[in-house]
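Descriptive analysis of the structure
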Amino acid sequence: MRSDIVREVAKIPEDEVIMTCVAMGYPDDSFAANAVRSDREHNHEFVRYVGFAD
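What comes next concerns the included structure.

Rules used throughout
- Residues numbered from 1 in each chain as written.
- Predicted model: local features only at pLDDT ≥ 70, side-chain atom pairs only at ≥ 80, totals over all residues.
- Heavy atoms only, no water.
- Helix = DSSP H or I, 4+ residues; strand = E, 2+ residues; numbered from the N terminus.
- Areas by Shrake-Rupley, 256 points an atom, 1.4 Å probe, with all protein chains shown as cover.
- Lys, Arg positive; Asp, Glu negative; His and termini not counted.
- Charge placed at Lys NZ, Arg CZ, Asp CG, Glu CD.
- Salt bridge = Lys/Arg side-chain N within 4 Å of Asp/Glu carboxyl O.
- Buried < 20%, exposed > 50% of the residue type's maximum accessible area, 1.4 Å probe, protein only.
- Polar contact = N/O pair within 3.5 Å; in protein donor to acceptor, adjacent residues only side chain to side chain.
- Contact = heavy atoms within 4.5 Å.

Here we come to the overall build of the chain. Per the secondary structure count, the chain includes one helix and zero strands. Taken as a whole, the chain presents about 5,900 Å² of accessible surface, with 55% of it coming from carbon and sulfur. A distance of 2 Å separates the average location of the 6 positive side-chain charges in the chain from that of its 11 negative side-chain charges.

This is the structure in structure tokens:
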């Protein structure tokens, strides 16, 4: 959600695309982005895991 900060901290140039990011650190409940909820479908609605036990 904050690729501008990730770019700055990780020194990723603007001509490169960030495909995924892992959040690290401690949660800040007062940070507005933490209140954002996705309206996308849940994984179980379109993902099929093969070879993994439940």
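Back to the text.
Scanning all chains against the criterion turns up one salt bridge. When the shortest N-O distance is used, the salt bridge between Arg7 and Glu14 registers 4.0 Å.

What follows covers the environment of Val50. When you line up the elements, Val50 lands in the segment after helix H1 (3-10). For the pair Val50 and Asp28, spaced 22 residues apart in sequence, the C-alpha to C-alpha distance is 36 Å.

Turning to the environment of Phe46, a few remarks are in order. On the secondary structure map, Phe46 appears in the segment after H1. Between the C-alpha atom of Phe46 and that of Met24, which follows or precedes it by 22 residues, the distance is 27 Å.

The backbone phi angle of Lys11 is positive, close to 55°, even though this residue is not glycine. For Lys11, the position within the fold is in the segment after H1. For Lys11, a relative accessible area of 72% gives the class exposed.

The next point concerns the side chain of Arg7. Here Arg7 lies in helix H1. Look at Arg7 and you get buried, because its relative accessible area is 15%. Among the polar contacts listed, one links the side chain of Arg7 to the backbone oxygen of Glu16, at a separation of 2.9 Å. With near-sequence residues (within four places) excluded, Arg7 lies in contact with Ile12, Pro13, Glu14, Glu16, Val17 and Ile18.

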